[in-house]
Amino acid sequence: MIRGRFAPSPTGRMHLGNVYAALLSWLSAKSKGGEWVLRIEDIDPIRSKQEFADRIMDDLEWLGLTWDGEVTYQSKRQDIYEYYFELLHKERLLYPCFCSRADLLVTQAPHESDGRVVYKGTCRNLRPERYPQNIAPAWRMRVPDETIETTDGHYGAYRVHLPTEIGDFIVRRKDGAFAYQLVVVVDDLTMGITEVVRGRDLLLSTSQQLFLAQTLRYLNTEKVFPEVSYAHFPLLMNEAGQRLSKRDKSLDMGVLREQHSAGEIIGFIAHLAGITPTQRPITPQELLPFFRWEKIPTEDIRVKS
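Residues numbered from 1 in each chain as written. Predicted model: local features only at pLDDT ≥ 70, side-chain atom pairs only at ≥ 80, totals over all residues. Heavy atoms only, no water.

### Quick word on empty space enclosed by the protein
Piece 1. Summed over the entire model, instances satisfying the criterion amount to one cavity of 30 Å³ or more.
Piece 2. Counted as a void, the largest cavity has a volume near 40 Å³.
Piece 3. The wall of the largest cavity is formed by Val184, Val185, Asp188, Leu189, Gln209, Ala213, Val228 and Tyr230.
Piece 4. At the level of elements, helix H6 (180–190) and helix H7 (205–219) are the ones that each hand at least two residues to the lining of the largest cavity.
Piece 5. If you tally residues by element for the lining of the largest cavity, the top one is H6, at four residues.
Piece 6. Grouping the constituent residues of the lining of the largest cavity by class yields six nonpolar, one polar and one charged. (1 Å grid on protein atoms, 1.4 Å probe; cavity = no way out; pocket = protein on both sides within 12 Å on 5 of 7 lines; lining within 4 Å. Points joined across faces, edges and corners; volume = space filled by probe spheres on them. Helix = DSSP H or I, 4+ residues; strand = E, 2+ residues; numbered from the N terminus. Nonpolar A, V, L, I, M, F, W, Y, C, P; charged D, E, K, R; others polar.)

### Details of the nonpolar core
It is characteristic of soluble globular proteins that their nonpolar side chains tend to be buried jointly.
Piece 1. With 46 residues, the main nonpolar core has Leu16, Trp36, Leu60 and Ile275 as its most contacted residues.
Piece 2. For this core, the elements supplying multiple residues, two or more each, are helix H1 (16–30), strand S2 (35–40), helix H2 (50–63), strand S10 (229–233), helix H8 (253–259) and helix H9 (262–272).
Piece 3. Sorting elements by how many residues they give to this core places H1 first, with ten residues.
Piece 4. Leaving out residues up to four positions away in the same chain, Leu16 has contacts with Leu236, Leu244, Leu251, Leu256, Ile265, Phe268, Ile269 and Val303.
Piece 5. If you look at the next biggest cluster of nonpolar residues, it comprises 30 residues, including Val184, Val185, Phe211 and Leu219. (Core = buried A, V, L, I, M, F, W, Y, C linked by side-chain atoms within 4.5 Å. Buried < 20%, exposed > 50% of the residue type's maximum accessible area, 1.4 Å probe, protein only. Contact = heavy atoms within 4.5 Å.)

### Focus on the sheet that holds strand S4 (residues 94–97)
Neighbouring strands of a sheet are bound in pairs by backbone hydrogen bonds; such pairs are parallel or else antiparallel.
Piece 1. Across the sheet, which stays open at both edges, the three strands sit in the order S4-S5-S8 with antiparallel pairing between neighbours. Each edge of the open sheet carries a strand with a single partner, namely S4 and strand S8 (169–172). Each strand of the sheet is rotated relative to its neighbour by a mean of 45 degrees, with strand direction disregarded.
Piece 2. For S4 and strand S5 (residues 138–141), the ladder comprises four bridges, and the chain directions are antiparallel. If you follow Leu94 over to S5, its bridge partner there is Met141. (Pairing = 2+ DSSP bridges. Axes fitted to C-alpha atoms, helices over the stretch in contact; angles between N-to-C directions.)

### Structural notes on H7
Piece 1. Taking 1.5 Å per residue as the helical rise, H7 with its 15 residues ought to reach 21 Å, and the 21 Å between its terminal C-alpha atoms agrees with that figure.
Piece 2. Burial analysis of H7 places eleven of its 15 residues in the buried class, the great majority of the element.
Piece 3. Taken together, the buried positions of H7 are occupied by Ser205, Thr206, Ser207, Gln208, Gln209, Phe211, Leu212, Ala213, Thr215, Leu216 and Leu219. (Expected span 1.5 Å × (residues − 1).)

### Here's the deal with the packing of H6 against H7
Piece 1. Where H6 contacts H7, the two axes come as close as 10 Å, and the packing angle between them is 60 degrees. Viewed along their axes, H6 and H7 adopt a mutual orientation that is oblique. Here H6 and H7 pass one another in a crossing that is right-handed. Taken together, the residues of H7 that come into contact with H6 (itself represented by Tyr180, Gln181, Leu182, Val184, Val185, Val186 and Leu189) are Ser205, Gln208, Gln209, Leu212, Ala213, Leu216 and Arg217.
Piece 2. Taken together, the residues of the contact of H6 with H7 sort by class into nine nonpolar, four polar and one charged. (Parallel < 35°, antiparallel > 145°, perpendicular 65-115°, else oblique. Left-handed = near helix turned anticlockwise from the far one by under 90°.)

### Regarding the sheet that holds strand S3 (residues 72–73)
Piece 1. Reading across the sheet, the three strands line up as S1-S2-S3 and stay open at both edges, with parallel pairing between neighbours. Strands at the two margins of the open sheet, each flanked by one partner only, are strand S1 (3–6) and S3.
Piece 2. Across two bridges, the pairing between S2 and S3 is parallel. Bridge assignment links Ile40 to a residue of S3, and that residue is Tyr73.
Piece 3. Sitting on the sheet, H1 touches S1 and S2, and the angle it makes with S2 is about 145 degrees.
Piece 4. Sitting on the sheet, H2 is in contact with S1, S2 and S3, with an inclination near 160 degrees to S2.

### Regarding the pattern of salt bridges
Piece 1. Tallying each qualifying case throughout the model produces 18 salt bridges.
Piece 2. A salt bridge links Asp59 to Arg257; its shortest N-O distance comes to 2.7 Å. In this pair, Asp59 is assigned in helix H2 and Arg257 in helix H8, connecting sequence segments 198 residues apart.
Piece 3. According to the relative accessible area criterion, Arg257 is partly exposed, its value standing at 24%. (Salt bridge = Lys/Arg side-chain N within 4 Å of Asp/Glu carboxyl O.)

### Quick notes on the confidence of the model for the protein chain
Piece 1. Taken as a whole, the protein chain shows an average pLDDT of 92; of its residues, 93% reach a score of 70 or greater.
Piece 2. Note on residues 106–113: pLDDT is under 50 here. Beyond four places in sequence and across chains, it has 14 contacts. (pLDDT = per-residue confidence, 0-100.)

Spelled out as structure tokens, the structure:
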């Protein structure tokens, strides 16, 4: 069975872009008769707040985007992340990195397509006797000289050469917190997620997540994890050409709920995304017969505030 997920961070009120992401992932899973689960990504204890998580759930229910089963909180899964971190560590697939952010920005060139800095392995072969004293390291995953080939459910086939386009990536930060790339892969595997629907800004991350998932499947022979497929969608942009965020207060769910009905918001997004030819109030359930990935554009979509 298809099992999709929506994984928001409880660091503020949802905005139109978050609802757009939730709606597309809900429609994709439900149109195939699958399940849609909710995971609260509260791994950052400083910025994450329960009140925001509660508002996210209230907004989703108000919109008609109901989830299956109990809500999962990352903050309650630390032991699981620790287990898989140790699994990688024991196999010597990780190494400590003492580089500062300034070191990385000065010595490395950003990836040409998105400005991301590709780590060149400065600490990869550093001997223990040369470790800086009294500096807590981050931990990086060694990537092999391999090319990951995959087919996105919306953007089609693509190839990523791990060393030159991704580089060794962080799985645990200097403060001891587990990094996004590790927790998202562990969560998707252990929760039985089979379909990930998200914004195209995470398209490049898919390759390192596929590599990490493949590695964990190989190491963890006691469990059989389902394969995960990915489909990315174009981003909603404001009039200035910036991705929608919490700074776009007029598109915040608090404001939107005061000015519009749930059906109007869903209908607006459905029309923006090309699912319906006209803009009209509609429920997520009523949208199911109209949803096709072929209708979703590939170029980012501008939204007037």
